Amino acid sequence: QVQLVESGGGLVQAGGSLRLSCVASGRTFSRYAMGWFRQAPGKEREFVAGISWSGRSTYYADSVKGRYTISRDNAQSTVYLQMNSLKPEDTAVYYCAATAREYVSSTKAEYEYWGQGTQVTVSS
């Protein structure tokens, strides 16, 4: 089992920045590729960004490419999502997820473990 706890969400004005953190406990963190997903009211949960075991490979949804950066610190069992140039359409609950695969996956069904989510609200 892997437990994931997100933090760092909040209210920010358009154009601002936030950094989300997700701390993992349980199994060996470095053996899991990690992902961030988000879900806006009335919408499906969607992939935002993912990172491989080693951190050498990352992948982003087109909607956030160039604005968001995913990173990980295996020594601290933590994955981060730096969000810059935020837009009102980025408003959602953001979820951290873990998959026992080496490489990045953008497929929600491939993630075995999920955090409880953290709310991000971007005002215009």
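Being a predicted model, the structure only gives us computed values, none of them experimental. (Residues numbered from 1 in each chain as written. Predicted model: local features only at pLDDT ≥ 70, side-chain atom pairs only at ≥ 80, totals over all residues. Heavy atoms only, no water.)

Chemist: Residue-level account of the overall build of the chain, with values.
Modeler: Secondary structure summary: the chain contains zero helices and 11 strands in total. Helices (α) and strands (β) of the chain occur, in sequence order from the N terminus, as β-β-β-β-β-β-β-β-β-β-β. Here the C-alpha radius of gyration of the chain, 13 Å, is about what a compact globule of 124 residues would show, namely 14 Å. C-alpha atoms of the chain, sized along the principal axes, occupy 40 × 25 × 25 Å. Burial statistics for the chain: of 124 residues in total, 44% are counted as buried. Within the chain, residue pairs in contact and separated by at least 24 positions form 60% of the contacts whose partners lie at least 6 positions apart. Per element, the accessible surface of the chain, about 6300 Å² overall, is 45% carbon and sulfur. Between the centroid of the 13 positive side chains of the chain and the centroid of its 10 negative side chains there is a distance of 3 Å. (Helix = DSSP H or I, 4+ residues; strand = E, 2+ residues; numbered from the N terminus. Rg over C-alpha atoms; globule rule 2.2 N^0.38 Å. Buried < 20%, exposed > 50% of the residue type's maximum accessible area, 1.4 Å probe, protein only. Contact = heavy atoms within 4.5 Å. Areas by Shrake-Rupley, 256 points an atom, 1.4 Å probe, with all protein chains shown as cover. Lys, Arg positive; Asp, Glu negative; His and termini not counted. Charge placed at Lys NZ, Arg CZ, Asp CG, Glu CD.)

Chemist: Kindly report on the state of the cysteines, identifying the contributing residues and their values.
Modeler: One pass over the full model with this rule turns up one disulfide. Bridging Cys 22 to Cys 96, the disulfide has an S-S length of 2.1 Å. The chirality of the disulfide connecting Cys 22 with Cys 96 is left-handed, given an S-S dihedral of about -75°. Of the two residues, Cys 22 is situated in strand E3 (residues 18–26) and Cys 96 in strand E9 (residues 92–99); the sequence distance between them amounts to 74 residues. No difference in accessibility class separates Cys 22 from Cys 96, as the two residues are buried. (Disulfide = S-S within 2.5 Å.)

Chemist: Just give me the short version of the side chain of Arg 67, but keep the residues and values in it.
Modeler: Structurally, Arg 67 is set in the loop between strand E6 (58–60) and strand E7 (68–73). On the basis of relative accessibility, which here comes to 11%, the residue Arg 67 falls in the buried class. A distance of 3.0 Å separates a polar atom in the side chain of Arg 67 from the backbone oxygen of Ser 85. Among the polar contacts listed, one links the side chain of Arg 67 to the side chain of Asp 90, at a separation of 2.8 Å. The residues contacting Arg 67, other than those within four sequence positions of it, are Gln 82, Met 83, Asn 84, Ser 85, Leu 86, Lys 87 and Asp 90. (Polar contact = N/O pair within 3.5 Å; in protein donor to acceptor, adjacent residues only side chain to side chain.)

Chemist: Residue-level account of the sheet that holds strand E8 (residues 78–83), with values.
Modeler: Reading across from one edge, E1-E3-E8-E7 is the order of the four strands in this open sheet, with antiparallel pairing throughout. Of all strands in the sheet, those bounded by a partner on one side alone are strand E1 (2–7) and E7. Across the sheet, the axes of successive neighbouring strands diverge by a mean angle of 15°, strand direction being ignored. Note: E7 against E8, six bridges, orientation antiparallel. (Pairing = 2+ DSSP bridges. Axes fitted to C-alpha atoms, helices over the stretch in contact; angles between N-to-C directions.)

Geometric values such as these leave the question of function open.
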